[in-house]
Number of protein chains: 2
Amino acid sequence: MKPETSPACICARLRRAARAATQDYDAALAPLGVNVAQYSLLRHIQRAAPVNLTDLAALMQLDASTLGRNLRVLDKNGWTRAATGRDRRARHVALTDTGRDVLNRAAPLWRAAQDATAARLGAEGQTALFALLDALDTSNPQPESIRR
Amino acid sequence: MKPETSPACICARLRRAARAATQDYDAALAPLGVNVAQYSLLRHIQRAAPVNLTDLAALMQLDASTLGRNLRVLDKNGWTRAATGRDRRARHVALTDTGRDVLNRAAPLWRAAQDATAARLGAEGQTALFALLDALDTSNPQPESIRR
DNA sequence: GTGATTTATCGGTATATACCGGCTTTATGA
DNA sequence: TCATAAAGCCGGTATATACCGATAAATCAC
């Protein structure tokens, strides 16, 4: 007679875990007025800039229209800037100085949340978790040993 | 020289995985006009009804105001009904007949998505994933063997 | 080279999510 | 009992998320 504590739906479990982690990281980053979705977006831009919205969306596996809207918030805060290049359809996004500064100051706050989370998993647990999340990713081909 | 394919941020990885799984399950459930968040909410209500919003929110680890708003969509669709009981502050939620019917018809669609997802993990992978997500859950006490 | 197609982005719409403050109702305590 | 505290919910606000259709620009096909 187990009281059925948490849902057996893999998706629901992932969503629940993502919500919880989001709140932890958001709380850690709150002093800088940035949340983890924004932090993640800033980091991706930092690594990929200059990059257009479509490529950035693919990189983050985010819907392009979602990315566009999320980006407006960063733009509004003066953290990013988008410019039209030779291809006048595309907008190339990059960090502003302010954006870089926010990222630098956010890094230790992110680190604290990451360390606290990692401690709950243990080093092996984190590796295992990443492997499992990779296995879930349908954009990754399944390894030969599993496929079929 | 590894090209840094996916973020090392545990939170970002969880969010990405949750987004992807959500899209898979949503696509599977789409023929019934229900998404996985709604399906999950309906299932929780089915198991817990009659239940008030606060308890249901705690059960799902959802913010109570979020739950209240999500519930309005179900109400609007005629799938749930909320009634005030003796305690006039609390609203007790339960499925309607229509809601039960939607759940019954959605079950095989959910099952298909769940099976496809589970197949990517393997039986052991799913067990391992659930254990890791439990370990992340700060509302669960850490087992003696891990704590400190 | 011009018409068809594809690509990049945007806007409308709907939903999910959370924080905060306020209101109503219940419980508590002196 | 009556003042105070606590509980339960709602509304405002902000953001994240995705689908669809529209628009503009580049590319392709002939």
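Placed above this text is the structure.
Residues numbered from 1 in each chain as written. Chains lettered and ligands numbered in written order. Predicted model: local features only at pLDDT ≥ 70, side-chain atom pairs only at ≥ 80, totals over all residues. Heavy atoms only, no water.

Draft legend 1. Structural detail: the protein's contact with DNA strand D. Close to DNA strand D lie 27 residues; Ser65 of chain A together with Arg15, Thr54, Arg69 and Arg91 of chain B are nearest. In DNA strand D, atoms within 4 Å of the protein come 68% from sugar and phosphate. A distance of 3.3 Å separates a phosphate oxygen of DNA strand D from a polar atom in the side chain of Asn35 of chain A. The set of elements that each furnish at least two residues to the surface near DNA strand D consists of α2 (36–48) and α4 (64–76) of chain A together with α1 (10–29), α3 (53–60) and α4 (64–76) of chain B. (Near = heavy atom within 4 Å. Polar contact = N/O pair within 3.5 Å; in protein donor to acceptor, adjacent residues only side chain to side chain. Helix = DSSP H or I, 4+ residues; strand = E, 2+ residues; numbered from the N terminus.)

Draft legend 2. Focus on the sheet that holds strand β3 (residues 91–95) of chain B. Residues and elements named next belong to chain B. In spatial order, the strands read β1-β3-β2; together these three strands make up an open sheet with antiparallel pairing. Only two strands of the sheet have a single neighbouring strand rather than two, namely β1 (51–52) and β2 (80–84). Direction of pairing for β1 relative to β3: antiparallel, over a ladder of two bridges. Opposite Val51, over in β3, you have Val93 as the bridge partner. (Pairing = 2+ DSSP bridges.)

Draft legend 3. Spotlight on the protein's contact with DNA strand C. Around DNA strand C sit 27 residues, and of these Arg15, Thr54, Arg69 and Arg89 of chain A together with Ser65 of chain B come closest. Here Arg19 of chain A contributes a side-chain N or O atom positioned 3.3 Å from a phosphate oxygen of DNA strand C. Separating a phosphate oxygen of DNA strand C from a side-chain N or O atom of Gln38 of chain B is a distance of 3.3 Å. Mapped onto the surface near DNA strand C, the elements with two or more residues apiece are α1 (10–29), α3 (53–60) and α4 of chain A together with α2 (36–48) and α4 of chain B. With six residues, α4 of chain B is the single largest residue contributor to the surface near DNA strand C. For the surface near DNA strand C, the per-class residue count stands at five nonpolar, nine polar and 13 charged. (Nonpolar A, V, L, I, M, F, W, Y, C, P; charged D, E, K, R; others polar.)

Draft legend 4. Spatial organisation of the packing of aromatic side chains. Enumeration according to the criterion identifies two aromatic pairs over all chains in this entry. Arranged with centres 6.1 Å apart and planes meeting at 20°, the rings of Tyr39 of chain B and Trp110 of chain B form a pair that is stacked. Taken as a pair, Tyr39 of chain B in helix α2 and Trp110 of chain B in helix α5 (residues 97–136) lie far apart in primary sequence, 71 residues in all. Residues Tyr39 of chain B and Trp110 of chain B agree in their burial class; the two are buried. The ring of Phe130 of chain B is capped by Arg13 of chain A, whose NZ or CZ atom sits 4.1 Å from the centre of that ring. (Phe/Tyr/Trp six-rings, centres within 6.5 Å; stacked < 30°, edge-to-face > 60°. Buried < 20%, exposed > 50% of the residue type's maximum accessible area, 1.4 Å probe, protein only. Lys NZ or Arg CZ within 6 Å of the ring centre and 35° of its normal.)

Draft legend 5. Structural detail: the relation of the copies chain A and chain B. The two copies are related by a screw operation: chain A maps onto chain B through 180° of rotation and 0.0 Å of translation along the axis, at an RMSD of 0.0 Å. Expressed as a symmetry operation, the mapping of one chain copy onto the other fits a two-fold axis. Interface residue correspondence from chain A to chain B reaches 100%, placing this contact among same-surface, isologous pairings. (Least-squares fit on C-alpha atoms with pLDDT ≥ 70 in both. Contact = heavy atoms within 4.5 Å.)

Draft legend 6. How the structure looks around α3 of chain B. Turning to α3 of chain B, its buried residues number three or more, namely Leu56, Ala57 and Met60 of chain B. Projected down its long axis, α3 of chain B shows its buried positions confined to an angular sector of 100°, all on one face. Turned more than 90 degrees off the buried face of α3 of chain B, the exposed positions are Thr54 and Ala58 of chain B. Elements that come into contact with the buried residues of α3 of chain B comprise α1 of chain A together with α2, β1 and α4 of chain B. Two or three places before Thr54 of chain B, at the opening of α3 of chain B, Asn52 of chain B has a side-chain oxygen 3.1 Å from that residue's backbone nitrogen. Of the residues flanking the end of α3 of chain B, it is Gln61 of chain B, one or two places downstream, whose phi is positive at about 50°. (Arc of directions from axis to C-beta.)

Function cannot be read off these values alone, since they describe shape.
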